[in-house]
Amino acid sequence: MAIPPQKTALVTGCTPGGIGNALARELHSRGLFVFATARTLEKITDLKELGIECLHLIVDDTESVKACHEKAVQILNGRGLDFLINNAGKTIVRPAIEINMSEAQSLFATNILGIMHLTQTFSPHLLLAKGTIVNIGSVAGHTPSPSTASTARPKPRCTPTARVCVSNSRPLVYTLCMCKPAM
Ligand SMILES: NC(=O)c1ccc[n+]([C@@H]2O[C@H](COP(=O)([O-])OP(=O)(O)OC[C@H]3O[C@@H](n4cnc5c(N)ncnc54)[C@H](OP(=O)(O)O)[C@@H]3O)[C@@H](O)[C@H]2O)c1
């Protein structure tokens, strides 16, 4: 595939009906070269039909992150990544004491470790493009309720997690921004 000449973005969690899918469409319509990712590729054929590059990605699976990175790098062919949009996330709307530990571990693996892993993995390409990391957090981090307690814990951590990755990358040449949607 030819080197994409335009700005590039990778969006995680692009299932139809969600924020990631809408972001992928919007960025594509504005002329960016978009990598739309999903853990079930068949779910995002709508984006493939628009000509968007679709890649398989499970953010809390090391091998999947590696494979996605390899494919993206092949297509980028030496170019940087302008936007890494960490959108994939899990929400559990239930009192924290009713959540079993494997659910809790899966929540943190996706909402925290997934972001850290993606940020680390794509750092060289973000640095090359002087790019931006966009983390989709949640207003639940600021207005926790009993039923969102489990989501409220990891979500505010999205920013510090990526900030650490950014501040450890000297010289500081990429930007971090945080979105906090509310239902
Ligand atoms: N919509 C809101 O009001 C709201 C409010 C607060 C925060 N948020 C945040 O906004 C983001 C998008 O939410 P949404 O409302 O658009 O919900 P959504 O449609 O459920 O989107 C979540 C996406 O993340 C994917 N995902 C989940 N676990 C994953 C994993 N381990 N690896 C890769 N992908 C994974 C899901 O894939 P599958 O389809 O395979 O499950 C889905 O594509 C989330 O981070 C969420 O916490 C949304």
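Fair warning: this is a prediction, and the values are worked out from it, not measured in the lab. (Residues numbered from 1 in each chain as written. Predicted model: local features only at pLDDT ≥ 70, side-chain atom pairs only at ≥ 80, totals over all residues.)

Visitor: Break down the overall build of the protein for me, with residues and values.
Guide: A count of helices and strands for the protein gives six helices and six strands. Ordering the α and β elements of the protein from the N terminus gives β-α-β-α-β-α-β-α-β-α-α-β. Within the span of the protein, comprising 183 residues, buried residues form 37% of the whole. Within the protein, counting contacts between residues at least 6 apart in sequence, those at least 24 apart form 67% of the total. (Helix = DSSP H or I, 4+ residues; strand = E, 2+ residues; numbered from the N terminus. Buried ≥ 20, exposed ≤ 12 C-beta atoms within 10 Å, placed from the backbone. Contact = placed C-beta atoms within 7 Å.)

Visitor: Give me helix α3 (residues 62–76): which residues, what numbers.
Guide: A rise of 1.5 Å per residue sets the reference length of α3, with its 15 residues, at 21 Å; its end C-alpha atoms lie 21 Å apart and thus fit the reference within 8%. Packed against the buried residues of α3 are β1 (8–11), β2 (33–38), β3 (53–56) and α4 (101–129). (Expected span 1.5 Å × (residues − 1).)

Visitor: Could you give an account of the environment of E103, with specific residues and numbers?
Guide: Here E103 lies in helix α4. Taking the number of C-beta atoms within 10 Å as the measure of exposure, E103 has 13 and is therefore partly exposed. Separated by 13 residues in sequence, E103 and K90 place their C-alpha atoms 9.9 Å apart.

Visitor: A description of the packing of α3 against α4 should follow, citing residues and the corresponding values.
Guide: Between α3 and α4, the least distance of the axes is 11 Å, while the angle of their chain directions is 20 degrees. With respect to their mutual orientation, α3 and α4 come out roughly parallel. Crossing of α3 over α4 shows right-handed handedness. Contact residues: α3 offers V65, H69 and L76, while α4 offers H117, L118, T121, F122 and H125. (Axes fitted to C-alpha atoms, helices over the stretch in contact; angles between N-to-C directions. Parallel < 35°, antiparallel > 145°, perpendicular 65-115°, else oblique. Left-handed = near helix turned anticlockwise from the far one by under 90°.)

Visitor: Can you lay out unusual backbone geometry for me, pointing to particular residues and giving the numbers?
Guide: The phi dihedral of N77 is positive, around 50 degrees, even though this residue is not glycine. Here N77 lies in the loop between α3 and β4 (83–86).

Visitor: Tell me about the nonpolar core, and please be specific about residues and values.
Guide: L10, V11, A24, V34, A36 and L84 are the most contacted members of the largest nonpolar core, which totals 34 residues. Looking at this core, the elements with two or more residues in it are β1, α1 (19–29), β2, β3, α3, β4 and α4. Look past the residues within four positions of L84 in its chain and what remains in contact with it is L10, L118, T119, F122, L126, G131 and I133. (Core = buried A, V, L, I, M, F, W, Y, C linked by C-beta atoms within 7 Å.)

Visitor: Any chance you could break down the sheet that holds β4 for me, citing the residues and the numbers?
Guide: Across the sheet, which stays open at both edges, the six strands sit in the order β3-β2-β1-β4-β5-β6 with parallel pairing between neighbours. The strands lining the two open edges of the sheet, one partner per strand, are β3 and β6 (175–179). Across the sheet, the axes of successive neighbouring strands diverge by a mean angle of 20 degrees, strand direction being ignored. Bridge count for β1 against β4 is three bridges, and the pairing is parallel. Looking at the pairing, V11 lines up with I85 of β4. Against the sheet, α3 contacts β1, β2 and β3, and its axis sits at roughly 155 degrees relative to β3. (Pairing = 2+ DSSP bridges.)

Visitor: Requested: an account of the pairing of β1, with residues and values cited.
Guide: Because side chains alternate across β1, one face comprises the buried residues T8 and L10, and the other comprises A9 and V11, equally buried. Two elements, β1 and β2, share four bridges in a ladder whose sense is parallel. Across the sheet, residue L10 finds its bridge partner in β2, namely F35. Note that the unit made of β1, α1 and β2 has a crossover that is right-handed. (Right-handed = clockwise from strand over helix to strand, strands pointing away.)

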